[in-house]
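Commentary on secondary and tertiary structure
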Amino acid sequence: MSKKYVIEVSHISKHFRVFKDKGYTLKDIVLFKARRTYEERQVIKDISFKVRKGEAVGLIGKNGCGKSTTLKLLTRIMYPDSGIINIKGRVSSLLELGAGFHPDMSGRHNIYINAAIFGLTRKEIDLRLDSIIKFSELEEFIDNPVRTYSSGMYMRLAFAVAINVDADVLLIDEILAVGDMSFQAKCFNRLKEIKAKGVTIVIVSHSLSQIEEICDRSIWIKDGIVEMEGTPEKVHEEYKKYMMNN
Amino acid sequence: MKLINELYNYREMIFSLVRRDLKGRYKGSVLGFLWTFLNPLFQLGIYTLVFSVILDGGVEDYYMFLFVALVPWIFFSTSVLGGATCIWDQQDLVKKIYFPREVLPISFVLSQLINMILSMLVVFAFLVFSGRGINWVAMLCLPVVIIDELLLSLSMAMIVSGITVYLRDIQYILNIIVMGWQFMTPVLYGIDRVPKELMPVFMLNPMTPVIIAYRDIFYYKKVPELQTLFHGSAMGIAVLLIGIFIFSRLKRRFAEVL
């Protein structure tokens with residue numbers, strides 16, 4: 001792997017088994033084999049791309065084109081059927097915010113649990129605690145149980161943890177819709193700061209304007225292959241044309 | 001090697017899951033954590049009553065003979081039976097976020113280990129107060145035996161938790177398997193009672209040397225034979241390698257199947 005690239009994806013493919021009626025029990029599997037028919041759906045056919053250190057890349061495409069699956073493969077929640085994915089450094093994903101939050105525990109306690117799931121040690125969490133709380137703007141409520149939070153407060157806390165992980169690579173799926181307008185702007189500015197620090201970012205979004213604002217490059221995925229790649233303005237122009245005609 | 005390094009990075013997650021499990025277990029009960037001690041104490045009381053008053057079976061202090069093997073056996077069987085669902089139970093986490101999947105079985109087994117060690121404190125106390133006494137030299141071998149059992153429990157938990165994701169029935173089949181396994185391990189009786197023809201089966205059972213060693217240390221107050229310790233360690237490492245291999249194959253599709 002060359003030094004320049006932090007993410008290298010080469011010729012990955014992925015298909016899912018879409019079960020019509022899935023059985024988990026032995027009875028279902030042995031007796032009703034016919035019921036377990038499934039169709040193989042190839043979500044990703046052949047995708048390759050590279051991302052340089054400090055670069056921000058947006059993945060666009062219509063629903064079901066395979067962009068979210070690509071992101072899941074990058075986080076290693078799933079593995080490709082073929083092809084290779086190479087990522088250097090610590091990866092943090094903002095795919096699902098607030099994973100592992102425990103409603104009965106305080107916000108402070110949940111910061112520890114959630115950050116631990118991102119692979120931070122206690123010492124690292126101690127160091128980040130103040131900036132996480134400050135970013136979430138929940139200073140007054142941080143010792144209350146999370147179940148008393150509004151959904152906006154919940155998301156703010158979760159976002160604050162995820163963004164303070166100090167990852168080398170940040171993967172984001174359609175979540176810049178957190179909290180009110182001012183908090184959204186704050187998240188966006190924070191992303192720009194993080195990018196300026198040399199963190200590599202991959203974003204999946206339907207909001208082309210968001211991608212244009214932060215990304216250096218757009219990759220348009222269509223039916224499991226890369227349809228077009230280039231500066232956001234250029235790719236989005238073609239993408240919009242395509243969407244209009246369909 | 002890469003796995004060990006990664007798990008080391010995720011140690012805080014392991015600790016926090018163990019803490020949550022131990023804290024959560026007796027949440028809402030008046031006596032709380034005290035139950036961890038009271039449970040084995042009452043159990044031991046019942047065994048004493050049954051086996052020294054009602055069923056006097058010829059083995060001296062049979063309740064103690066049984067108890068020192070039963071405490072470690074319960075650690076093993078809970079790791080297998082309870083561990084089976086440890087990934088299934090956390091499917092929200094597994095589907096949504098990356099972390100080394102081994103973290104789940106490891107933290108489940110570690111919290112069971114802590115429970116066993118607390119039960120052993122009851123055994124210690126009982127040995128001291130009942131006048132049976134403790135051989136401190138033999139005690140030095142205890143960590144080796146505990147580690148052997150930990151490796152076995154961990155690899156079994158990894159294997160069964162991985163299979164359970166694909167096949168839910170396994171947890172019900174396991175009840176029977178574990179029960180049979182207990183009778184094929186010298187828990188209720190000594191290894192000297194096993195007929196010669198069955199000996200090879202017992203020797204292939206990785207739990208046999210472990211239980212023999214525990215009983216040597218606590219009941220017979222002697223240092224386990226080197227052969228027993230070696231047998232246990234070799235089995236522990238072999239089973240662990242198998243467990244890691246199987247789990248690494250199974251874990252790739254967890255997020256899709258769940």
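The structure displayed is predicted, hence computed values, not measured ones. (Residues numbered from 1 in each chain as written. Chains lettered and ligands numbered in written order. Predicted model: local features only at pLDDT ≥ 70, side-chain atom pairs only at ≥ 80, totals over all residues. Heavy atoms only, no water.)

Quick word on the overall build of chain A
- When helices and strands are counted, chain A shows eight helices and nine strands.
- For chain A, buried positions account for 50% of its 246 residues.
- Counting contacts in chain A only where the partners sit at least 6 residues apart, residues at least 24 apart contribute 70% of the total.
- Just so you have it, chain A exposes about 11,900 Å², and 50% of that area is on carbon and sulfur atoms. (Helix = DSSP H or I, 4+ residues; strand = E, 2+ residues; numbered from the N terminus. Buried < 20%, exposed > 50% of the residue type's maximum accessible area, 1.4 Å probe, protein only. Contact = heavy atoms within 4.5 Å. Areas by Shrake-Rupley, 256 points an atom, 1.4 Å probe, with all protein chains shown as cover.)

Quick word on the overall build of chain B
- When its secondary structure is counted, chain B shows 13 helices and zero strands.
- Based on the C-alpha atoms only, the size of chain B along its principal axes is roughly 55 × 50 × 35 Å.
- Evaluated residue by residue, chain B yields a buried proportion of 54% over its 258 residues.
- Summed over all atoms, the accessible surface of chain B reaches about 12,300 Å², with 70% contributed by carbon and sulfur.
- Computed over 21 positive and 17 negative side-chain charges, the separation of the two mean positions in chain B equals 9 Å. (Lys, Arg positive; Asp, Glu negative; His and termini not counted. Charge placed at Lys NZ, Arg CZ, Asp CG, Glu CD.)

Looking at the pattern of salt bridges
- A complete count under the given rule lists 22 salt bridges over all chains for this structure.
- For Asp81 of chain A, the salt bridge goes to Lys14 of chain A, with nearest N and O atoms at 3.8 Å. Taken as a pair, Asp81 of chain A in the loop between helix H2 (67-75) and strand E4 (82-87) and Lys14 of chain A in strand E1 (residues 5-19) lie far apart in primary sequence, 67 residues in all.
- For Asp81 of chain A, a relative accessible area of 32% puts it in the partly exposed group.
- Of the residues examined, Lys14 of chain A reaches a relative accessible area of 1% and is grouped as buried.
- In this structure, Arg52 of chain A and Glu55 of chain A form a salt bridge, with 3.8 Å as the shortest nitrogen-oxygen distance.
- On the accessibility criterion, Glu55 of chain A (6% relative accessible area) is buried.
- When salt bridges that share partners are traced, they join Lys14 and Asp81 of chain A together with Arg253 and Glu256 of chain B into one network. (Salt bridge = Lys/Arg side-chain N within 4 Å of Asp/Glu carboxyl O.)

Some points on the packing of aromatic side chains
- Taken as a whole and judged by the stated rule, the model has 16 aromatic pairs over all chains.
- Ring centres of Phe101 of chain A and Tyr154 of chain A lie 5.1 Å apart, and the angle between their planes is 70°; on these two criteria the pair is classed as edge-to-face. Of this pair, Phe101 of chain A sits in the loop between strand E5 (91-94) and helix H3 (107-117) while Tyr154 of chain A is found in helix H5 (residues 151-163), placing the two residues 53 residues apart along the sequence.
- Judged by relative accessible area, Phe101 of chain A falls into the buried class, the value being 10%.
- Here the aromatic cluster, defined as three or more aromatic residues joined through ring pairs, consists of Tyr62, Phe65, Tyr219 and Tyr220 of chain B.
- Over the ring of Phe135 of chain A we find Lys186 of chain A; its NZ or CZ atom is 4.8 Å from the centre of that ring. (Phe/Tyr/Trp six-rings, centres within 6.5 Å; stacked < 30°, edge-to-face > 60°. Lys NZ or Arg CZ within 6 Å of the ring centre and 35° of its normal.)

As for the nonpolar core
- Of all hydrophobic cores here, the largest spans 159 residues; its most connected members are Ile111 of chain A together with Met13, Phe99, Tyr214 and Phe218 of chain B.
- Among the elements that take part in this core, helix H4 (residues 62-81) of chain B stands out by supplying 14 residues, more than any other.
- In contact with Ile111 of chain A, not counting residues within four places along its chain, are Ile125, Leu129, Ile132, Ile133, Ile142, Leu157 and Val161 of chain A. (Core = buried A, V, L, I, M, F, W, Y, C linked by side-chain atoms within 4.5 Å.)

Focus: the confidence of the model for chain B
- With 99% of its residues at a pLDDT of at least 70, chain B reaches an overall mean of 89.
- Two numbers describe this predicted complex: its pTM, 0.87, and its ipTM, 0.81. (pLDDT = per-residue confidence, 0-100.)

Concerning the interface of chain A and chain B
- Taken together, the contact pairs 31 residues of chain A with 31 residues of chain B.
- Taking both partners together, chain A and chain B bury about 2,700 Å²; carbon and sulfur atoms supply 59% of that area.
- Linking chain A with chain B are four salt bridges.
- Among the salt bridges present, the one from Arg253 of chain B reaches Asp81 of chain A, with a minimum N-O distance of 3.8 Å.
- It is H3 of chain A that contributes the most residues to the side of chain A that touches chain B, four residues altogether.
- Within the side of chain A that touches chain B, the residues separate by chemical class into 17 nonpolar, seven polar and seven charged. (Buried area = accessible area lost by both parts, 1.4 Å probe. Nonpolar A, V, L, I, M, F, W, Y, C, P; charged D, E, K, R; others polar.)

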